[in-house]
Structure formats: C-alpha cells, structure tokens
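Below are the chains, spelled out letter by letter.
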Amino acid sequence: MTTAFSLAPLFRHSVGFDRFNDLFESAARNEAGSSYPPYNVEKHGDDHYRIVVAAAGFQEQDLDLQVEKGVLTVTGGKRENAAAEVTYLHQGIAQRAFKLSFRLADHIEVKAAGLANGLLSIDLLRIVPEEAKAKRIPINGDQPALN
C-alpha cells in the first residue's frame, strides 16, 4: 500500500528553502535509508535559517561541511574503534558514516556551524544583493513618461 503525502503546507511560508519541498518528497519516496541521521530545518526569521543534525557519538573532527555550487554537504566519518577491547552488550548509538546534501536557495550563505550536546547546528543567512531587491518606482503625474 502506497501512501502519498505532501509537505507543501509546511513550506508555504518559508523563504529560501522553497526547493526543499521537492527534495524532501523525493527523498521520502526513493530512499528508504535516508532517515539517518535525523535532522531539522528551522526558520528563525525572514532571512535566518538553521539546519540541526542529530550527530550523537560524533566529534568535531569526525564531521565535515562543504558548500559547492549551491549544495551544502554534511559528512560524518566513521571513527576507528579506539577501544577495541570493549565488548558491547547493546550498541544503540549508531556511529556509521553518513552524507547529507541540502540544495541551498539563491543568496543563502552558511554563516556558522557548531556541535553541542550531540547536535550539529548549521546557521544559514539569506543575503539579497541590492540589485535583486524590489524597488519602489515613484509615479509622477505631472511629468510625461520618457520615450
């Protein structure tokens, strides 16, 4: 049984991540294993966004962030098992390698990243250049338009 759902209502008010709707829906349809690690995409204002990745068990040196051609890639490398003498009776904290990719909208820049309490936070900022911003055109009723 196939269940179709749309995330469009969630993205109705977001600016800057309009393309994520299609990305999330295609990921949910095509990749069954795409849920690791879990992450949130948050909007903190008109131009401020944050991606929070649950990176439990990873340290800063295990994680890599890259932006290339408008795609943010978060990679978590598998650490060498330093404690080889440890025998796990139950290992519920996954430390397998992962790679997440996020297509950034136009004028979105990565401003900062930090790892605290097992959560990798990536702060994004939408910076629209002056030439791309809307301009108010005054209407002068007394002067004829130039030809």
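Residues numbered from 1 in each chain as written. Predicted model: local features only at pLDDT ≥ 70, side-chain atom pairs only at ≥ 80, totals over all residues. Heavy atoms only, no water.

Q: Would you mind going over the pattern of salt bridges with me for this structure?
A: Once the charged atoms of two side chains with opposite charge are near each other, the side chains can pair. Tallying each qualifying case throughout the model produces three salt bridges. Among the salt bridges present, the one from Arg 126 reaches Asp 47, with a minimum N-O distance of 3.2 Å. Taken together, the positions of Arg 126 in strand S7 (residues 119-126) and Asp 47 in the loop between strand S1 (39-43) and strand S2 (48-54) put the pair 79 residues apart, joining distant regions of the chain. Residue classification places Asp 47 among the partly exposed positions, given a relative accessible area of 28%. Close ionic contact of Arg 50 with Asp 123 constitutes a salt bridge, the shortest N to O distance being 2.5 Å. Linking Arg 50 in strand S2 with Asp 123 in strand S7, this pair joins segments that are 73 residues apart in sequence. By relative accessible area, Arg 50 is classed as partly exposed at 27%. (Salt bridge = Lys/Arg side-chain N within 4 Å of Asp/Glu carboxyl O. Helix = DSSP H or I, 4+ residues; strand = E, 2+ residues; numbered from the N terminus. Buried < 20%, exposed > 50% of the residue type's maximum accessible area, 1.4 Å probe, protein only.)

Q: How do you make sense of the sheet that holds strand S6 (residues 108-116) when you look at a structure like this?
A: Pairing between the strands of a sheet is mediated by backbone hydrogen bonds and can be parallel or antiparallel. Pairing within the open sheet is antiparallel, and its four strands lie in the order S1-S2-S7-S6. Each having just a single partner strand, S1 and S6 make up the two edges of the open sheet. Along the sheet, successive strands turn relative to each other by an average axial angle of 20 degrees, direction set aside. (Pairing = 2+ DSSP bridges. Axes fitted to C-alpha atoms, helices over the stretch in contact; angles between N-to-C directions.)

Q: Even after reading the chapter, I still don't get the packing of aromatic side chains, so can you show me in this structure?
A: Centre distance and the angle of the planes are the two values used to describe a pair of aromatic rings. In the structure shown here, the tally under the stated rule is three aromatic pairs. A ring pair is formed by Tyr 39 and Phe 102, whose centres lie 5.1 Å apart and whose planes are at 90 degrees; its orientation type is edge-to-face. One end of the pair, Tyr 39, is in strand S1; the other, Phe 102, is in strand S5 (residues 98-103), with 63 residues separating them in the sequence. With a relative accessible area of 25%, Tyr 39 lands in the partly exposed category. Phe 102 sits in the buried class, given a relative accessible area of 2%. Ring centres 5.4 Å apart and planes at 85 degrees place the aromatic pair Phe 58 and Phe 98 in the edge-to-face group. Highlighted residues: Phe 58 in the loop between S2 and strand S3 (63-68) and Phe 98 in strand S5, separated in sequence by 40 residues. Note on Phe 98: relative accessible area 6%, which makes it buried. (Phe/Tyr/Trp six-rings, centres within 6.5 Å; stacked < 30°, edge-to-face > 60°.)

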